[in-house]
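Residue-level structure breakdown
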Amino acid sequence: MSNPNASGWKPGTPVEGHNAMSGPDTTTGNRALMLEEPLIFEIGDTETTGVDFAFAGKLDLAGVEQPKMPTSASDTTSRLGDFARDGAIGLPGLTEPETVRHYTRLSRQNYAIDLGLFPLGSCTMKHNPRLNEKVARMPGFADVHPLQPTSTVRGALEVINELAFWLLKLTGMHGVAMSPKAGAHGELCGILCIRAALEARGDAREVILVPESAHGTNPATAAFAGYKIEDIPANADGRVDLDALKSRLGPDVAGVMITNPSTLGLFERDMKAISDAVHEAGGFVYCDGANFNAIVGKVRPGDLGVDAMHINLHKTFSTPHGGGGPGSGPVVLSEALSPFAPLPYTARTADGVVHLVEEESADSFAEEHFGKRMQSFGRMTAFHGQMGMFTRALTYILSHGADGLKQVAEDAVLNANYVLRSLEDVLDAPFAHSGPCMHEALFGDKGFADGLSTLDLAKALIDEGYHPMTMYFPLVVHGAMLVEPTETESKAGLDQFIAAFRSVAERAKAGDESMKAAPYYAPRRRLDETQAARKPVLAYEEAVPEASGTGMAAKYGGG
Amino acid sequence: MRYLPLSDGDRAEMLAKVGAKSIDDLFVDVPQEARLSGLVEGLPTHASEMAVEKHMRALSKKNLAAADAPFFLGAGAYRHHVPASVDHIIQRGEFLTAYTPYQPEIAQGTLQMLFEFQSQVARLYGCAVANASMYDGSTACWEAVAMASRIARGKKKKVVLSGALHPHYAEVVRTMAKFTEDEIAGAPPSLTPRPDDDGLIARIDEETSCVVVQYPDILGRIPDLKRIAEAAHDKGALLIAVNTEPVALGAIEAPGNLGADIVVGEGQSIGVGLQFGGPYLGLFAVKDEKHVRMMPGRLCGETVDAEGKRGYVLTLSTREQHIRREKATSNICTNSGLCALAFSVHMTLLGEKGLRALAAENHRLACIAADRLSAVPGVTLLNAHFFNEFTLKVGRDARALVRDLVEKGILAGVSLGRLYPDSEGLDDALLVAVTETTSEEDIDALCGALKEALK
């Protein structure tokens with residue numbers, strides 16, 4: 001194993017004359033590159049702005065009469081009626097240099113894939129190629145309005161169609177609804193297609209079966225669509241218990257929601273048999289595609305009898321997570337569900353022209369070109385979906401091609417198995433006996449010393465310079481730790497991560513009490529989440545002036 | 001393969017470590033019949049960065065960018081100038097490639113930004129609390145309706161939609177309500193100079209959980225929210241105000257200050273750009289703190305760390321799907337974090353002074369445009385009031401007119417026929433939006449082309 005720290009230095013290493021980590025207090029509260037940053041409300045004011053308005057819209061100022069700066073929105077020439085806003089809004093402004101510095105300082109308090117391995121299980125934090133960003137900013141994509149006449153947006157429609165083509169090929173499915181805005185929105189789209197299809201045949205079924213290991217979005221989605229949720233039992237391997245499932249199926253079951261590969265990092269071996277059984281009982285199969293990265297280019301969900309599956313473009317197809325979105329969740333559909341897809345959609349006809357199909361034209365279009373009426377369940381969003389994510393995902397797909405995507409799945413699975421087998425001697429790996437994992441390795445907290453938890457291990461991992469794995473999910477494993485390294489990690493990078501993980505696991509087993517107070521080296525120590533929830537402070541309020549000597553900087557540190 | 005660091009040597013070494021002879025050994029759980037033996041058929045193989053860029057650029061060039069023509073489209077998406085520093089900041093890897101801030105000690109950048117964003121949105125909307133964003137305005141609108149139903153505890157099922165709510169927003173609400181069994185009372189807009197506030201108020205009754213009003217409305221008119229709020233509250237209903245142009249709130253009163261209980265909207269105008277409809281930014285705020293625990297979506301709150309330093313965390317997550325599963329207030333997980341950052345940076349650059357100047361400039365140019373366009377023979381201005389968007393009656397099918405004007409290189413606006421394909425009597429109306437990016441030359445170009453087309 002390679003040396004995890006080439007410099008050789010570690011916190012606590014004796015340095016003649018002083019300890020490097022515990023120097024003197026600083027006046028600012030800053031520690032060199034670790035910079036405290038106040039809120040914009042504390043450093044900005046309502047009279048400052050970082051935007052100049054060239055009201056003439058021209059750079060040639062010589063001899064040109066400049067329109068006057070408008071005095072007030074409520075002046076006599078306004079057409080605002082009695083609705084003018086006269087009171088203060090309270091929005092602070094900063095000049096450009098101050099703004100850039102504020103956000104740059106904030107950015108440095110974030111962990112990110114660009115900084116290192118980000119092994120959040122089920123989140124597929126892979127490298128985000130920068131070509132994607134460049135393409136998304138081309139004026140023909142970034143600067144077009146969703147309601148422009150279709151003759152002026154042919155290229156945008158082609159992007160949607162090319163991406164749809166790839167998604168259908170890669171999944172072996174029949175149709176795709178492109179508009180869902182994220183994974184959970186895609187789940188809702190799929191479940192609503194199922195409900196619409198059942199209603200179309202006059203079949204009012206009430207129950208959706210969801211395994212306990214599912215993402216929380218699955219039961220939340222099905223409940224939102226008006227379904228009752230029941231558990232699907234698991235077998236000792238953590239997979240769906242086919243016999244138990246079969247015995248539960250019946251005329252009240254609308255369908256199942258299954259994640260494959262599952263959140264335990266396992267492929268559902270019986271997926272085809274599950275689908276067949278559900279179909280035989282008159283139900284539909286929803287597959288949560290969050291973990292598609294493990295099988296892209298290797299397995300087509302359509303071959304496994306899946307009726308609907310969302311694809312997180314922000315996972316498998318490398319569009320950035322952006323600190324919590326935007327995502328994009330197109331839903332691929334079987335032939336049985338395709339007519340129920342939400343509007344708008346785009347379709348390429350035999351003449352090669354790409355059409356945008358909206359409410360007005362859906363029926364006639366479908367009849368003319370596909371020989372049957374649309375039975376769309378409606379509309380999920382104002383416009384066409386996440387175009388900015390479509391351009392990025394298509395760029396990524398074209399970069400990899402069919403061969404590269406297959407390699408993506410293989411390397412993702414190899415990296416996860418490498419982590420699993422490198423750590424199973426030191427950590428409890430509850431399903432390691434059942435064979436190889438897919439794209440993520442699952443561990444539990446069995447064997448930790450009393451009083452130490454998965455949370456403590458996670459926080460100690462932060463001190464080692466890593467974002468922790470997914471914690472306490474899936475719920476079926478005690479103190480679960482779900483590690484998804486993805487394919488964009490090198491072997492050397494994995495080796496260092498494994499060494500760090502091994503060391504914190506050993507400390508947790510040995511009862512190293514110091515872990516309870518970790519992290520020590522992050523921009524903040526452990527945050528008091530109980531206080532945040534008990535007395536929520538969700539918006540800034542101007543502080544009441546205090547006695548001298550306890551100003552903002554003294555109170556909050558830094559400034 | 002430029003994005004894959006493993007070498008063949010690495011792969012062999014790692015396979016040996018995991019005890020596999022080949023990569024196929026790791027896919028043993030996939031039944032043979034489901035495993036593809038070769039590559040997926042009918043797809044090209046990998047390509048160089050240069051080749052991909054060339055392909056994508058060719059597709060990009062098949063679109064007419066807004067900057068390349070006199071441009072007057074609005075109807076829920078507006079073209080504004082976004083300062084260059086906004087895009088620079090959102091491309092910093094620490095923001096761009098971070099995840100939802102589940103580990104707050106190493107996500108203070110995102111969390112503090114979200115706290116600032118929530119505070120900015122709350123103030124802009126005249127509300128107590130805003131969340132950390134939704135997908136877009138239309139989904140935020142639906143989530144607000146669902147929240148009002150929760151507050152009514154299912155006892156009131158009637159949702160009254162203003163006829164002048166964006167038709168796509170109304171369609172999203174109608175689609176979702178089919179599954180929650182809320183009863184949606186809507187109506188097409190009437191082409192009158194002022195919104196039909198009386199008609200709307202007449203539709204509110206004791207069974208109404210909420211009233212949904214767009215402000216300014218789809219025709220650019222400004223409804224009297226205060227009156228509507230009073231009428232709604234008289235019947236025990238909540239007022240949901242929907243705003244699709246946040247710049248307007250630099251000029252017209254905030255919905256929260258006029259009595260709206262929930263204020264939602266599209267934030268795209270500030271910082272995000274047009275992007276052919278997405279990703280956009282759903283804004284969601286409540287007037288009264290007592291409704292916070294009924295809200296959908298993520299909330300960021302202030303707290304302290306173990307050393308007493310101020311810090312931020314995601315909070316009140318017991319409302320959310322990852323804790324509550326089928327009992328959650330919403331199924332939303334991912335939202336629009338990076339768009340929220342773009343909004344927040346742009347709003348910080350503007351500040352109150354800049355926002356007011358921006359709003360005033362939009363309104364000034366819109367007034368010029370309304371005057372000059374309504375002077376064109378055959379064109380009349382519908383609106384009594386407007387901010388930066390108004391409706392023109394053009395005396396012929398506006399949809400065809402828009403297509404004709406594209407031939408002259410002008411993106412003239414959005415026809416009501418495009419938005420309301422099934423409604424009678426709206427065909428001759430054209431929505432025209434004017435922002436600070438519109439020059440007087442653009443306005444004159446549209447006037448000239450209209451004169452020609454309406455001859």
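Residues numbered from 1 in each chain as written. Chains lettered and ligands numbered in written order. Predicted model: local features only at pLDDT ≥ 70, side-chain atom pairs only at ≥ 80, totals over all residues.

Attention now goes to the overall build of chain A. For chain A, the count of helices and strands is 15 helices and 12 strands. On the principal axes, the C-alpha backbone points of chain A span a range of 75 × 75 × 45 Å. The buried share of chain A, reckoned over its 559 residues, is 56%. Here the contacts in chain A between residues at least 6 apart in sequence split such that 73% fall between residues at least 24 apart. (Helix = DSSP H or I, 4+ residues; strand = E, 2+ residues; numbered from the N terminus. Buried ≥ 20, exposed ≤ 12 C-beta atoms within 10 Å, placed from the backbone. Contact = placed C-beta atoms within 7 Å.)

All names here are of chain A. By the assigned domains, chain A splits into domain 1 (135-392) and domain 2 (404-533). Its C-alpha centre places domain 1 at a distance of 31 Å from the equivalent point of domain 2. Contacts between the two partners involve 18 residues from domain 1, matched on the other side by 18 residues from domain 2. Looking at the side of domain 1 that touches domain 2 residue by residue, the classes come out as eight nonpolar, seven polar and three charged. (Domains from an automatic or database assignment. Nonpolar A, V, L, I, M, F, W, Y, C, P; charged D, E, K, R; others polar.)

The next point concerns helix α7 (residues 217-224) of chain A. Of all the eight residues making up α7 of chain A, eight are buried; the element is thus mostly covered by neighbouring parts of the structure. For α7 of chain A, the set of buried residues is T217, N218, P219, A220, T221, A222, A223 and F224 of chain A.

All names here are of chain B. Segmenting chain B into domains produces domain 1 (66-81 + 352-453) and domain 2 (84-346). Going through the elements one at a time, α11 (337-374), β11 (389-393) and β13 (429-433) are the ones with two or more residues in the side of domain 1 that touches domain 2. When residues in the side of domain 1 that touches domain 2 are grouped by element, the largest group, seven residues, is from α11.

Moving on, we get to the nonpolar core. Among the nonpolar cores identified, the biggest contains 322 residues, and C193 of chain A together with C141, V145, V211, V212, I240 and A285 of chain B are the most heavily contacted of them. Apart from the residues lying within four places of it in its own chain, the contact partners of I240 of chain B are A144, V145, A148, C210, V211, V212, A260, I262 and V264 of chain B. (Core = buried A, V, L, I, M, F, W, Y, C linked by C-beta atoms within 7 Å.)

Now for the pairing of β11 of chain B. Regular strands place side chains that alternate from one sheet face to the opposite one. All names here are of chain B. With four of five residues buried, β11 is to be regarded as a mostly interior element. The pairing of strand β10 (residues 380-381) with β11 spans two bridges and is classified as antiparallel. The residue of β11 that forms the bridge with L381 is L392. Looking at chain direction, β11 and β13 are connected through five bridges and run antiparallel. Bridge assignment links T391 to a residue of β13, and that residue is L431. (Pairing = 2+ DSSP bridges.)

The subject of this paragraph is the interface of chain B and chain A. Across the boundary between the two partners, chain B contributes 172 residues, which contact 179 residues of chain A. Taken together, the residues of the side of chain B that touches chain A sort by class into 86 nonpolar, 48 polar and 38 charged.

Residue and element names in this part refer to chain A. For chain A, the average pLDDT comes to 89, and 90% of its residues sit at 70 or higher. Low pLDDT, under 50, characterises residues 56-74; the stretch is placed with 22 contacts to residues that sit more than four places away or in other chains. Per-residue pLDDT stays below 50 along residues 548-559; that stretch engages in 21 contacts with residues further than four places along the chain or on separate chains. (pLDDT = per-residue confidence, 0-100.)

What follows is about the packing of helix α6 (residues 183-200) of chain A against α7 of chain A. Residues and elements named next belong to chain A. Between α6 and α7, whose axes approach to 9 Å, the crossing angle comes to 45°. Viewed along their axes, α6 and α7 adopt a mutual orientation that is oblique. Every pair of crossing elements has a handedness; the one defined by α6 and α7 is right-handed. Contact with α6, carried on its side by G183, A184, E187, L188 and I191, involves T217, N218, T221, A222 and F224 of α7 and no other residues of that element. (Axes fitted to C-alpha atoms, helices over the stretch in contact; angles between N-to-C directions. Parallel < 35°, antiparallel > 145°, perpendicular 65-115°, else oblique. Left-handed = near helix turned anticlockwise from the far one by under 90°.)

A few words on the sheet that holds strand β12 (residues 481-483) of chain A. Read across the open sheet, the three strands follow the order β10-β12-β11 (chain A); overall the sheet is antiparallel. Of all the strands in the sheet, the pair left with one neighbour each is β10 (441-443) and β11 (470-471) of chain A.

Our focus in this paragraph is the sheet that holds strand β2 (residues 158-161) of chain B. All names here are of chain B. Read from one edge to the other, the open sheet built from seven strands follows the order β1-β7-β6-β5-β4-β2-β3, with strand pairing classed as mixed. Every interior strand has two partners, whereas the edge strands, β1 (129-130) and β3 (183-185), have only one. Bridging between β2 and strand β4 (residues 208-214) involves four bridges; their strand directions are parallel. Bridging from a neighbouring strand, K158 pairs with T208 of β4.

What follows covers helix α6 (residues 137-151) of chain B. Taking 1.5 Å per residue, 15 residues should reach 21 Å; α6 of chain B reaches 21 Å between its end C-alpha atoms and fits that length. By the criterion of burial, α6 of chain B is predominantly enclosed, with 13 of the 15 residues buried. (Expected span 1.5 Å × (residues − 1).)

A separate point is the environment of D182 of chain B. With respect to the secondary-structure elements, D182 of chain B resides in the loop between α7 (167-180) and β3. Between the C-alpha atom of D182 of chain B and that of E361 of chain B, which follows or precedes it by 179 residues, the distance is 41 Å.

Attention shifts here to the confidence of the model for chain B. Mean pLDDT over chain B stands at 95; residues scoring 70 or higher make up 100%. Two summary scores accompany this predicted model of the complex, namely pTM at 0.95 and ipTM at 0.97.

Residues and elements named next belong to chain B. Residue placement: R2 occurs in the segment before α1 (8-18). Judged by C-beta crowding, with 13 C-beta atoms within 10 Å, R2 ranks as partly exposed. Spatially, the C-alpha atom of R2 lies 10.0 Å from that of H46, the residues being 44 residues apart in sequence.

A separate point is the pairing of β2 of chain B. Residues and elements named next belong to chain B. As paired strands, β2 and β3 are joined by three bridges and run parallel to one another. Counterpart to V160 in the pairing with β3 is A185. Once you follow β2 into α7 and on to β3, the crossover reads as right-handed. (Right-handed = clockwise from strand over helix to strand, strands pointing away.)

With an omega of -5°, the peptide bond running from L343 of chain A to P344 of chain A counts as cis. Structurally, P344 of chain A can be placed in the loop between β7 (331-333) and β8 (345-348). A cis amide bond links G278 of chain B to the next residue, P279 of chain B, at an omega of 0°. On the secondary structure map, P279 of chain B appears in the loop between β6 (262-266) and β7 (282-286). Of note, the phi angle at A32 of chain A is positive, near 50°, even though the residue is not glycine. Residue A32 of chain A is classed as exposed on the basis of its 7 C-beta neighbours within 10 Å.

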